[in-house]
Amino acid sequence: MRQIPKIFIDGEYGTTGLGIRKRLERLPVKVCSIPIEQRHNIHTRLAMMKQVDLVVLCLPDEASKEIVSALHENLNNQVPLILDASTAFRTNPEWVYGFAELNKDQKEKIAKAKKVANPGCYASGSIAILFPLISKGLVRPSYPITINAVSGFSGGGKKMIAAYQNGQDAPPFELYGLNLKHKHLPEIVYYTGLEQEPIFVPSVGNFSQGMIVSIPFFTDMLTNNVGVEEIKWCLHEHYRHSEVVSFIDDECKTLAVDRLVQTDKMELRVHTNATQDKFIVTAIFDNLGKGASGAAIQNIQLMLGIT
């Protein structure tokens, strides 16, 4: 009889950690914990990590780097599988990027990996749109990309969540990152092959969960007279075997941000005008689902061979 895999979530009391723990209740695994008062004790954490098969890191970047370094220094050949949810290792070539739908080989790479970096939420939507179009030559890597995105406040950390939940100094809608620097930009460029950073304008609304990423294009700036139908076909073909990400070819005129809340799915759509000289590609998903905890569960299942 196969032994039930043991998992330790370092940072299980944060939003992503709680989401992962809740989803793990549906899987044949044992979640191991330490007393909450010991959550900052590195020796207690390392002792627990020595006993488990997989460690999920839901920590700030520097804390993730610190514990990964400590793991390799203290556990030598006993280092468990690691899934990191921070931005610390997403463009590190020694880590496998945990977006299983990136290409036909990515699932297998994740399944064989010792260290996997869970993608960022905005990055997941952006890469889902851009990677197929650029890799298949429909969009040039030099195309001047603009990414607009809106997220629920649950992705903004404890301070933002508290402000919205308590009704204190929380606007109904706001743009941020207007210095045009965002922590998800490096992985977007790295995994799409863009030759320059896109203009990325994230925003947050007065709702808990949900995310829409949208990218506009001008048809006459695409390669080899590519049109809207070729764009649709490319996205359909790339995701037609996926159970998580799908291309939806419909004529919707509006798109509600809460459409996929409480699911781990993602839907892509193409929206165009009568002359099809311009169009927008959208990705809609739950920022805490496919954008965070749901993606982590998908990666955990692959890493542990759980179907």
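The rules behind each value
Residues numbered from 1 in each chain as written. Predicted model: local features only at pLDDT ≥ 70, side-chain atom pairs only at ≥ 80, totals over all residues. Heavy atoms only, no water. 1 Å grid on protein atoms, 1.4 Å probe; cavity = no way out; pocket = protein on both sides within 12 Å on 5 of 7 lines; lining within 4 Å. Points joined across faces, edges and corners; volume = space filled by probe spheres on them. Helix = DSSP H or I, 4+ residues; strand = E, 2+ residues; numbered from the N terminus. Nonpolar A, V, L, I, M, F, W, Y, C, P; charged D, E, K, R; others polar. Core = buried A, V, L, I, M, F, W, Y, C linked by side-chain atoms within 4.5 Å. Buried < 20%, exposed > 50% of the residue type's maximum accessible area, 1.4 Å probe, protein only. Contact = heavy atoms within 4.5 Å. Pairing = 2+ DSSP bridges. Axes fitted to C-alpha atoms, helices over the stretch in contact; angles between N-to-C directions.

**Q** I keep staring at empty space enclosed by the protein and nothing clicks. Help me out?
**A** Unoccupied space between atoms shows up once a probe the size of one water molecule is rolled over them. Per the stated rule, a full pass over the model turns up one cavity of 30 Å³ or more. By volume, the largest cavity is sized at about 50 Å³. Lining the largest cavity are F8, I9, D10, G11, E12, Y13, I34 and R39.

**Q** What am I meant to see in the layout of surface pockets here?
**A** Approximately 1,200 Å³ is the volume attributed to the largest pocket. If you go around the largest pocket, you meet 47 residues; those closest to its centre are T15, T16, C58, L59 and P60. Mapped by element, the contributors of at least two residues to the lining of the largest pocket are α1 (15-24), α2 (42-49), α3 (61-75), α5 (121-135), β7 (146-152), α6 (157-166), β9 (199-205) and α9 (289-304). Each residue belonging to the lining of the largest pocket can be placed in one class, and the counts come to 17 nonpolar, 21 polar and nine charged.

**Q** Just to check I follow, could you spell out the nonpolar core for this structure?
**A** When a protein is soluble and globular, its nonpolar side chains tend to lie buried together. The biggest cluster of nonpolar side chains holds 45 residues, and the ones touching the most others in it are L133, V213, F217, I231, L235 and L268. Of the residues forming this core, the biggest block, ten residues, is contributed by α5. For I231, the residues in contact, after removing those within four places along its chain, are L133, L138, L222, V226, V270, F279 and V281. Counting residues in each nonpolar core, the second largest holds 22 residues, with L81, A100, V116 and M303 among its members.

**Q** Help me understand the sheet that holds strand β4 (residues 81-84), please; the structure alone is not making it clear to me.
**A** In a beta sheet, neighbouring strands pair by backbone hydrogen bonds and run either parallel or antiparallel. Taken in spatial order, the six strands make up an open sheet running β2-β1-β3-β4-β6-β5, and their pairing is parallel. Of all strands in the sheet, those bounded by a partner on one side alone are β2 (30-32) and β5 (96-97). As defined by bridge partners, strand β3 (residues 54-57) adjoins β4 across four bridges and the pair is classed as parallel. Among the inter-strand pairings, V56 is bridged to a residue of β4, identified as L83. Helix-sheet contacts for α1 involve β1 (6-10), β2 and β3, and the interaxial angle to β1 is about 160°. Contacting β1, β3, β4 and β6 (115-117), α3 crosses the sheet at an angle of about 160° to β3.

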